[in-house]
Every structure is written in C-alpha cells, then in structure tokens.
Amino acid sequence: MTASTLVEIKHLKKYFPAARGQSVRAVDDVSFNIHRGETLGLVGESGCGKTTVGRCLLRLIEPTSGEIKFDHQDLLGLGKSEMRTLRRRMQIVFQDPYSSLNPRMKVGDIIGEPLIVHGIGNKQERQDRVAELLKVVKLDPDYANRYPHQFSGGQRQRIGIARALALNPDFIVADEPVSALDVSVQAQVVNLLQDLQEQFGLTYLFISHGLAVVEHISTRVGVMYLGKIVELAPALELYQSPKHPYTQALLASIPLPNPEQTRDRERIALRGEVPTPLNPPSGCRFHTRCPHAMEKCKTTEPEFKEIAPGHFAACFLNE
C-alpha cells in the first residue's frame, strides 16, 4: 500500500446465505486499490456485485472474508466506536433519490443530521453549515425549510450529495447516483460531482451500469462480472483497447450519436443469460456466454494479471 493509496481491498468475499445450505456468491475474491483524488469507476450488469463491494467497503454490510484498508487502517479490525469516528471520512450517495431521503424530515434536518449524530456544532452553527452545503450543490439555502416531495429527482440527488459532504469526508461511494435521473439531469449531477472533487480533493468509487457516464467521470475503470473483476485499466485505455471479451461486448452496446458509426461497428452477441451466483460456472465464469471460449476456459480460472502497465485482465486470450 503506497502513500498515494487511500483504499485497499484484498480478496474481498461476500456470500449471502440462501435456501438448502447454499450461498449467493455476490462478491467472490475481489482485489483493487483506489488512489487519493481519483475516481475509480466500477461497472457491470445488474447483479454482478458492484453495489455489494461499495457497501462492504463502508461496512454497511459485513464482508464474509478479505481485507479492507482505509488510509492504512484495517477497517475490519475496528470496533463500533472506532468505525463510527472513521465514518466521518467516508460517506455514500445512494442510487434512488426518492427512497434515500426521509419524507417526514425537512431538507435542513436531513442534511444536518450527520452533524447531530457526530456532535458537531451548536444549533446555529449547524444551520449555517446546512445553508453553506445547499449553496455548494447549487441549491437555494431557503430550501432547507421544504420537504423532499417538493423537489425533482435531480434536486433530491443534490440534497443527498450535500448530506454526504456534511462531515467533510475524504472518500465517497457514489452508488449509481444518476441511474434514476433523466439524461440531461445526469450530466448536471456528474459535472457537479467533478466540481466537488476538484474543490474538496475528494476520492470517489463511482458505481454504475452506464458505461458512457463512467467514461466521462472516471480516472480508472474496473469491470465486474458475476462477483469478480475481469478487467481494470485507466479509463481512456480501457475504452480504446479493451482486453476482455465481456468488456468488449459492453462497449459495443453503447449507443453512438452517429448512425453510420453504429452500422459500421462490429456487433458482439453474447449467448444466453447471466449464470446464477448461487452456482457459478467452473473455470472462467464468462465462458458460458463468451464468443471466444476455449476448452480450458471451462475448467481453469484465468489469472487476473497485468498485461500492460496498469492494465489488468483475466482472460486466456491475452497470453
């Protein structure tokens, strides 16, 4: 773990108990680092485990096994009071701006609640901080006296972002923060997140299934499939030269603004459905849908290794 590394995850696993003694392998041996000041994008189809990774990282759910370090501290070894203190430095922005805000609380109380929980400031200081945070996310400070139902989806998400900023965190998990919003509003919220990152020196884990959004905001991008990271690379390199067939298929599915480019682009058809994490395939988990699958892909799991400086992939095609 280098000085520039803020978050380090090693061999993270999260299994959820299921019927008849089985387990859902939501996250199955995931390792990566997040550097200070960067945005690591985590993408993949619904159910691949990316949200579970983010929640394990914050210990909103407890991992089955593995190691998580935040600024050189072992998170899994901390007690409740120590973890609560550290949570000032790590926050989350939830996916749904409608269900993540208490409809019975005024906006000012929602944003100011973290300050009360951590015993920061008196009543007037908290009100001043709430007004400041509303300005930071480009909302009128007078909105503090309104209720969430009086706002649009984009405005609600800005309120959620203000709440996440209340304690001056170093690190924010943005869990699909724009997937429930209109496309035009998505761009505004993503641009706001980038401005805040520059203003406050924030580090993001940006979780999304929208690859176009991730390309716009990310420094590096990790691609997840069925509980595992199959490719990790600098954003520009991954989008220009993907090395894993699953990444190639995801990128080929992004709509292009020019219809002629769309017609000329190679189409990659994936076979079948995503297998169940209750009983994932042996060998490479993608082999049941991969157009390039070989015999050894069915029995041997490819190693997740560096194939170019900073570019990692788990595929036999790169050997």
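Quick notes on the rules
- Residues numbered from 1 in each chain as written.
- Predicted model: local features only at pLDDT ≥ 70, side-chain atom pairs only at ≥ 80, totals over all residues.
- Heavy atoms only, no water.
- Phe/Tyr/Trp six-rings, centres within 6.5 Å; stacked < 30°, edge-to-face > 60°.
- Buried < 20%, exposed > 50% of the residue type's maximum accessible area, 1.4 Å probe, protein only.
- Lys NZ or Arg CZ within 6 Å of the ring centre and 35° of its normal.
- 1 Å grid on protein atoms, 1.4 Å probe; cavity = no way out; pocket = protein on both sides within 12 Å on 5 of 7 lines; lining within 4 Å.
- Points joined across faces, edges and corners; volume = space filled by probe spheres on them.
- Helix = DSSP H or I, 4+ residues; strand = E, 2+ residues; numbered from the N terminus.
- Nonpolar A, V, L, I, M, F, W, Y, C, P; charged D, E, K, R; others polar.
- Pairing = 2+ DSSP bridges.
- Axes fitted to C-alpha atoms, helices over the stretch in contact; angles between N-to-C directions.
- Contact = heavy atoms within 4.5 Å.

Engineer: Even after reading the chapter, I still don't get the packing of aromatic side chains, so can you show me in this structure?
Structural biologist: The geometry of an aromatic ring pair comes down to the distance between the two centres and the angle between the two planes. Across all of its chains, the model carries six aromatic pairs by this definition. Ring centres 5.8 Å apart and planes at 20° place the aromatic pair Phe304 and Phe312 in the stacked group. The class of Phe312 is partly exposed, set by a relative accessible area of 26%. A network of ring pairs unites the aromatic residues Tyr225, Tyr246 and Phe286 as a single cluster. The lysine or arginine in question, Lys296, covers the ring of Phe316, its NZ or CZ lying 4.4 Å from the ring centre.

Engineer: What should I look at first to understand the layout of surface pockets in this one?
Structural biologist: Which parts of space are left empty comes out when a probe the size of a water molecule is rolled across the atoms. Size it by volume and the largest pocket reaches roughly 390 Å³. If you go around the largest pocket, you meet 15 residues; those closest to its centre are Leu60, Arg87, Gln91, Ile92 and Phe94. Counting residues per element, the ones that place at least two in the lining of the largest pocket are β6 (90-93), α3 (107-117) and α5 (153-165). Broken down by class, the residue content of the lining of the largest pocket amounts to nine nonpolar, two polar and four charged. Volume-wise, the second largest pocket comes out at about 320 Å³. In this structure, the second largest pocket is lined by 17 residues; those nearest its centre are Asp29, Lys228, Ile229, Glu301 and Phe304. For the lining of the second largest pocket, the elements supplying multiple residues, two or more each, are β2 (23-35) and β10 (228-234).

Engineer: Can you help me understand empty space enclosed by the protein in this one?
Structural biologist: What the rule picks out here adds up to three cavities of 30 Å³ or more. For the lining of the largest cavity, the class distribution of residues is 12 nonpolar, three polar and no charged. Computed from the structure, the second largest cavity encloses a volume of approximately 50 Å³. As for the second largest cavity, its lining consists of Pro302, Glu303, Lys305, Ile307, Ala313, Ala314, Cys315, Phe316, Asn318 and Glu319.

Engineer: Would you mind going over the sheet that holds strand β7 (residues 171-175) with me for this structure?
Structural biologist: Each strand in a sheet pairs with another by means of backbone hydrogen bonds, the pair being arranged parallel or else antiparallel. Judged by pairing direction, the sheet is mixed, and its eight strands sit side by side in the order β6-β7-β8-β3-β9-β10-β12-β11 without closing on themselves. The open sheet has two edge strands with one neighbour each: β6 and β11 (305-308). Recorded for the sheet is a direction-independent mean angle of 25° between the axes of neighbouring strands. Pairing of β10 with strand β12 (residues 311-313), which is carried by two bridges, proceeds in the antiparallel orientation. Note that in β12 the partner of Leu232 across the bridge is Phe312. Strand contacts of α5: β6 and β7, with the helix running at about 175° to β6, the strand carrying the most contacts. Running over the sheet, helix α9 (residues 245-252) touches β9 (220-225) and β10 and is turned about 105° from β9.

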